[in-house]
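# Topology and contacts: notes
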Amino acid sequence: MHIEVTQLNKQFGEFHAVQDVSFSIEKGRLIGLLGPSGGGKTSILRMLAGLETPTSGDIVFHGKRVNDLPPQERGIGFVFQNYALFKHMTVFENIAFGLKVKKQSKEQIRERVTTLVELTGLKGFEHRLPHQLSGGQRQRVAFARALAPEPQLLLLDEPFAAIDAKIRQELRTWLKEMIERLGITSIFVTHDQDEAIEVADEIMIINKGKLEQKGSPWDIYKSPQTQFVASFIGESTIVEDISKLKGFEAASAHPGVKALIRPEYIEIGKLHEFKIASATEPGRIKQLHFRGSEWMVEVTVGDITLITYRSLEKDILQPGEEINVLVHRAYLFTNDESWIMENRLKEDPMPVHI
Amino acid sequence: MKKLWITLTYAVFTILIIIPLVRIFIGSWEEGWGGFVEAITRPQSLHALYMTGIIVVTVTIINTLFGVMLALYLVRATWLSKRLRQLLNSIVDLPFAVSPVIGGLMIVLLLGPNTIIGSFFGDLGFKVVYALPGMILATLFVTFPLMIREVMPVLQEIGTQQEEASSTLGAYPFYTFWKVTWPSIRWGVIYGVVLTVARSMGEFGAVLVVSGNIMNKTQTATTLVYQDVENFNVLAANSVALVLAAVSFGLLLLMEWAKKRREH
């Protein structure tokens with residue numbers, strides 16, 4: 001289903017939960033609504049479902065304005081954060097609910113439910129009640145129940161939030177595959193950036209009720225358009241005065257500029273490990289933290305502390321050790337502008353001017 | 001010290017509940033089975049029990065229907081402002097706080113034969129006060145909070161998500177209520193019904209004020225017991241009281257059963 005949202009607003013009394021949000025979603029895409037809790041993601045999802053009425057703005061499905069349609073008539077499937085399974089009904093009855101509402105025949109219902117039960121790997125659990133299932137199984141039931149009436153759009157509210165970390169990983173992959181296989185347009189809400197990056201074709205970053213940026217996970221990571229997006233996606237250190245760092249002196253031309261540097265923009269090591277040694281500057285190891293698969297290193301350059309990661313395969317560093325640091329690039333921003341600055345010295349030291 | 005407290009607790013329990021019950025039982029059997037049967041087959045006894053029966057049935061039906069609806073509105077109706085809902089929610093408890101006698105008096109003052117509304121209905125040949133409608137009204141007033149207080153917490157606990165899920169699956173409100181909401185609140189409602197029956201059966205003060213306690217007309221079982229005691233007909237009083245106590249006891253068992261079911 002093609003979705004077009006224009007100038008969507010939602011106010012709860014004084015609180016402006018969603019502000020002038022516009023976007024369009026192509027058929028068959030899997031979209032992640034990402035942002036901090038209380039940022040308005042769920043409100044957007046609920047307005048798409050018809051569970052909440054927009055204060056203003058239009059929601060258009062397939063070229064048809066659906067603002068005034070109740071949820072029953074929107075052709076959507078909704079997976080709730082806590083699944084909201086009907087607790088007095090068995091797995092079979094839960095999945096069959098939407099089909100019974102549609103007054104389908106017993107055989108049709110049995111057939112469709114059996115297909116879904118197999119698809120979601122719930123075979124053998126049809127007669128269990130929700131409280132007899134594990135978190136992951138409940139989520140699958142909720143998913144199967146939402147899919148049963150063949151919706152055109154699937155909406156998922158924090159679908160993995162209530163599941164423990166290990167199974168969550170498994171379910172993410174499972175859900176992504178399942179949605180791709182079915183080709184159904186889907187939107188899910190999450191506050192977990194890893195989840196959004198891993199699962200979604202496209203991410204919409206929502207903060208304080210505003211759509212900050214929409215794009216593929218890679219685009220958002222590579223070229224964040226606002227300071228919020230830059231700091232929300234990936235890890236980063238904020239540097240107040242970047243012009244003190246070697247190769248970024250030009251930044252002093254912009255008064256009040258701040259910089260955001262991701263760990264992966266920083267390289268540390270002995271001088272001989274660098275190709276362009278002239279771009280590095282000396283630093284000192286402040287702290288080392290073991291992070292399971294790598295070291296997190298706090299390194300000070302002058303009075304600036306930077307954070308980066310170092311492979312376990314490389315020489316083990318010691319706190320207080322002298323080390324060379326190369327900052328590849330930084331994300332610079334002032335109050336109303338932002339851009340990416342590459343390390344000037346990293347480019348060919350003797351460029352050929354034509 | 002602990003033993004003393006336990007003994008004391010049992011003593012209080014015995015004095016307050018067990019002894020009176022035993023006393024009623026013994027009192028009604030003073031002249032054997034015959035005396036008991038005679039006492040409760042007096043025309044005024046049968047009529048009083050009949051009146052109590054009618055009141056219990058009518059009040060329970062009305063209270064269940066409107067109690068469940070009001071509970072739904074108080075919890076779910078987001079179109080009512082929060083303030084208004086809070087206000088309504090407090091008003092619901094009013095009958096708990098106000099003495100039933102005062103409740104009855106309010107009805108007499110509002111609908112009595114000398115009031116505007118009362119005389120209007122009187123002219124239509126429909127007597128409210130000192131007749132069955134008034135007694136039903138008075139009992140409704142007293143039992144009103146019971147159903148709502150049973151159903152509201154259950155509704156709050158189950159939340160709105162299951163109902164919303166139902167609506168996204170294409171079900172309209174009526175279907176959703178019967179298939180999704182009702183199975184969850186069913187035991188709460190049954191519990192509320194039991195409480196309403198018990199309370200309307202035992203209501204005395206409000207009914208006494210409203211009914212005028214006219215024998216064979218507006219007398220209920222409880223007001224008959226009162227009159228029998230006044231007339232020193234202790235045997236009859238005990239017998240009617242025993243019937244009420246037996247029904248209450250049966251209800252109590254039903255309530256325990258309902259409570260256990262609800263916990264599942």
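Conventions adopted
Residues numbered from 1 in each chain as written. Chains lettered and ligands numbered in written order. Predicted model: local features only at pLDDT ≥ 70, side-chain atom pairs only at ≥ 80, totals over all residues. Heavy atoms only, no water. Helix = DSSP H or I, 4+ residues; strand = E, 2+ residues; numbered from the N terminus. Buried < 20%, exposed > 50% of the residue type's maximum accessible area, 1.4 Å probe, protein only. Contact = heavy atoms within 4.5 Å. Lys, Arg positive; Asp, Glu negative; His and termini not counted. Charge placed at Lys NZ, Arg CZ, Asp CG, Glu CD. Pairing = 2+ DSSP bridges. Axes fitted to C-alpha atoms, helices over the stretch in contact; angles between N-to-C directions. Domains from an automatic or database assignment. Buried area = accessible area lost by both parts, 1.4 Å probe. Salt bridge = Lys/Arg side-chain N within 4 Å of Asp/Glu carboxyl O. Polar contact = N/O pair within 3.5 Å; in protein donor to acceptor, adjacent residues only side chain to side chain. Nonpolar A, V, L, I, M, F, W, Y, C, P; charged D, E, K, R; others polar. Left-handed = near helix turned anticlockwise from the far one by under 90°. Patch = residues over 30% accessible without salt bridge, like charges linked within 9 Å, V, L, I, M, F, W, Y side chains within 5 Å. Areas by Shrake-Rupley, 256 points an atom, 1.4 Å probe, with all protein chains shown as cover. Phe/Tyr/Trp six-rings, centres within 6.5 Å; stacked < 30°, edge-to-face > 60°.

Scanning chain A for helices and strands turns up eight helices and 19 strands. Looking at chain A residue by residue over its 354 residues, the buried ones come to 51%. Long-range contacts, defined here as pairs at least 24 residues apart, represent 64% of the contacts in chain A between residues at least 6 apart. One way to put it: in chain A the 43 positive side-chain charges average out to a point 6 Å from where the 48 negative ones average out.

Turning our eyes to something else, we now look at the sheet that holds strand S7 (residues 153-157) of chain A. Residue and element names in this part refer to chain A. Reading across the sheet, the six strands line up as S6-S7-S8-S3-S9-S10 and stay open at both edges, with mixed pairing between neighbours. Sheet topology places strand S6 (76-79) and strand S10 (210-215) at the edges, where each strand pairs with a single neighbour. For this sheet the average axis-to-axis angle between neighbouring strands, irrespective of direction, equals 15 degrees. Lying on the sheet, helix H5 (residues 165-182) is in contact with strand S3 (30-34), S7 and strand S8 (185-190); it crosses S7 at an angle near 165 degrees.

This part is about the domain arrangement of chain A. The figure often quoted for interface size is the accessible area lost as the parts come together. Residue and element names in this part refer to chain A. Parsing chain A into structural domains produces domain 1 (3-225) and domain 2 (237-346). On a C-alpha basis, the centres of domain 1 and domain 2 stand 40 Å from each other. The interface of domain 1 with domain 2 comprises five residues on the first partner and five residues on the second. In this assembly, domain 1 packs against domain 2 so that about 410 Å² is buried in total across both faces, 42% of it on carbon and sulfur atoms. The interface formed by domain 1 and domain 2 holds zero salt bridges in total. Taken together, the connections running from domain 1 to domain 2 amount to three residue pairs in polar contact (both at pLDDT 80 or more). A breakdown of the residues in the side of domain 1 that touches domain 2 according to their chemical character gives two nonpolar, two polar and one charged.

What follows covers the packing of helix H3 (residues 43-76) of chain B against helix H4 (residues 82-92) of chain B. All names here are of chain B. It is the contact of H3 with H4, at a shortest axis distance of 9 Å, that shows an interaxial angle of 145 degrees. Viewed along their axes, H3 and H4 form a crossing whose handedness is left-handed. Along the contact surface, H3 presents Leu 70, Tyr 73, Leu 74 and Val 75, while H4 presents Arg 85, Leu 88, Asn 89 and Val 92.

On the surface, Lys 100, Lys 106 and Arg 110 of chain A together with Lys 179 of chain B cluster together into a positively charged patch. Structurally, the position occupied by Lys 179 of chain B is in helix H10 (residues 173-202). Exposure remark for Lys 179 of chain B: the relative accessible area of 41% places this residue in the partly exposed category.

This part takes up the side chain of Ser 45 of chain B. Within the secondary structure, Ser 45 of chain B is located in helix H3. Among residues more than four places away in sequence, those in contact with Ser 45 of chain B are Ala 39, Ile 40, Leu 224 and Val 240 of chain B.

The phi torsion of most residues other than glycine is negative, and most of the peptide bonds are trans. Despite not being glycine, Glu 150 of chain A shows a phi value in the positive range, around 50 degrees. Mapping Glu 150 of chain A onto the fold places it in the loop between helix H4 (135-147) and S7. Residue Asn 216 of chain B is not a glycine yet carries a positive backbone phi of 65 degrees.

Residues and elements named next belong to chain A. Overall, antiparallel pairing links the four strands, which are arranged S11-S12-S18-S19 in an open sheet. Looking at which strands have only one partner, the edges of the open sheet turn out to be strand S11 (237-239) and strand S19 (338-342). Neighbour-to-neighbour, the strand axes of this sheet turn through a mean angle of 30 degrees, independent of strand direction. With three bridges joining them, strand S12 (residues 258-261) and strand S18 (residues 329-333) adopt antiparallel strand pairing. Its bridge partner lying in S18, Lys 258 is registered against Phe 333.

Let's shift gears to the packing of aromatic side chains. The relative placement of two aromatic rings is captured by the distance of their centres and the angle of their planes. All names here are of chain B. The full count for this structure, using the stated rule, is 19 aromatic pairs over all chains. A centroid spacing of 5.9 Å and a plane angle of 40 degrees characterise the contact between Trp 33 and Phe 36, whose relative ring orientation is tilted. Here Trp 33 and its partner Phe 36 are both found in helix H2 (residues 32-40), three residues apart, which amounts to about one turn of the helix. Assessed through its relative accessible area of 55%, Trp 33 is described here as exposed. For Phe 36, a relative accessible area of 10% corresponds to the buried category. Between Phe 174 and Trp 178 the ring centres are 6.4 Å apart and the planes differ by 75 degrees, which places this aromatic pair in the edge-to-face class. With Phe 174 and Trp 178 both in helix H10, this residue pair falls four residues apart, about one helical turn.

Moving on, we come to the side chain of Thr 237 of chain A. Looking at the secondary structure, you find Thr 237 of chain A in strand S11. Aside from chain neighbours lying at most four places away, what touches Thr 237 of chain A is Ala 259, Leu 260, Ile 261, Thr 305 and Ile 307 of chain A.

With that out of the way, let us pick up the interface of chain A and chain B. Each partner contributes residues to the interface: chain A has 22 residues there, and chain B has 18 residues. Roughly 1800 Å² of surface becomes buried between chain A and chain B when both sides are summed, with 62% attributable to carbon and sulfur atoms. Joining chain A to chain B, the criterion identifies one salt bridge. Between Arg 46 of chain A and Glu 164 of chain B there is a salt bridge; the shortest N-O distance is 2.6 Å. Our count for the contact surface shared by chain A and chain B stands at four residue pairs in polar contact (both at pLDDT 80 or more). Among the secondary structure elements, those contributing two or more residues to the side of chain A that touches chain B are S6, helix H2 (91-101) and H4 of chain A. In terms of residue count, H2 of chain A provides more of the side of chain A that touches chain B than any other element does, four residues in total.

Residues and elements named next belong to chain A. Direction of pairing for strand S14 (residues 281-290) relative to strand S17 (residues 322-327): antiparallel, over a ladder of four bridges. In the strand pairing of S17, Arg 284 is matched with Glu 322. Pairing of S14 with strand S15 (residues 294-301), which is carried by six bridges, proceeds in the antiparallel orientation. Note that in S15 the partner of Gln 287 across the bridge is Glu 298. Taking the residues that link successive antiparallel strands as the turn, the S14-S15 hairpin has three residues, and the phi of Gly 292 there is positive, at about 85 degrees.

All names here are of chain B. For Thr 218, the location among the structural elements is in the loop between helix H11 (205-211) and helix H12 (221-230). Separated by 61 residues in the primary sequence, Thr 218 and Glu 157 have C-alpha atoms spaced 42 Å apart. Each residue touching Thr 218, except ones within four places of it in the same chain, is listed here: Met 51, Tyr 130, Ala 131, Met 135, Ser 211, Gly 212 and Asn 213. One polar contact links the side chain of Thr 218 to the main-chain carbonyl oxygen of Ser 211, over a distance of 2.9 Å.

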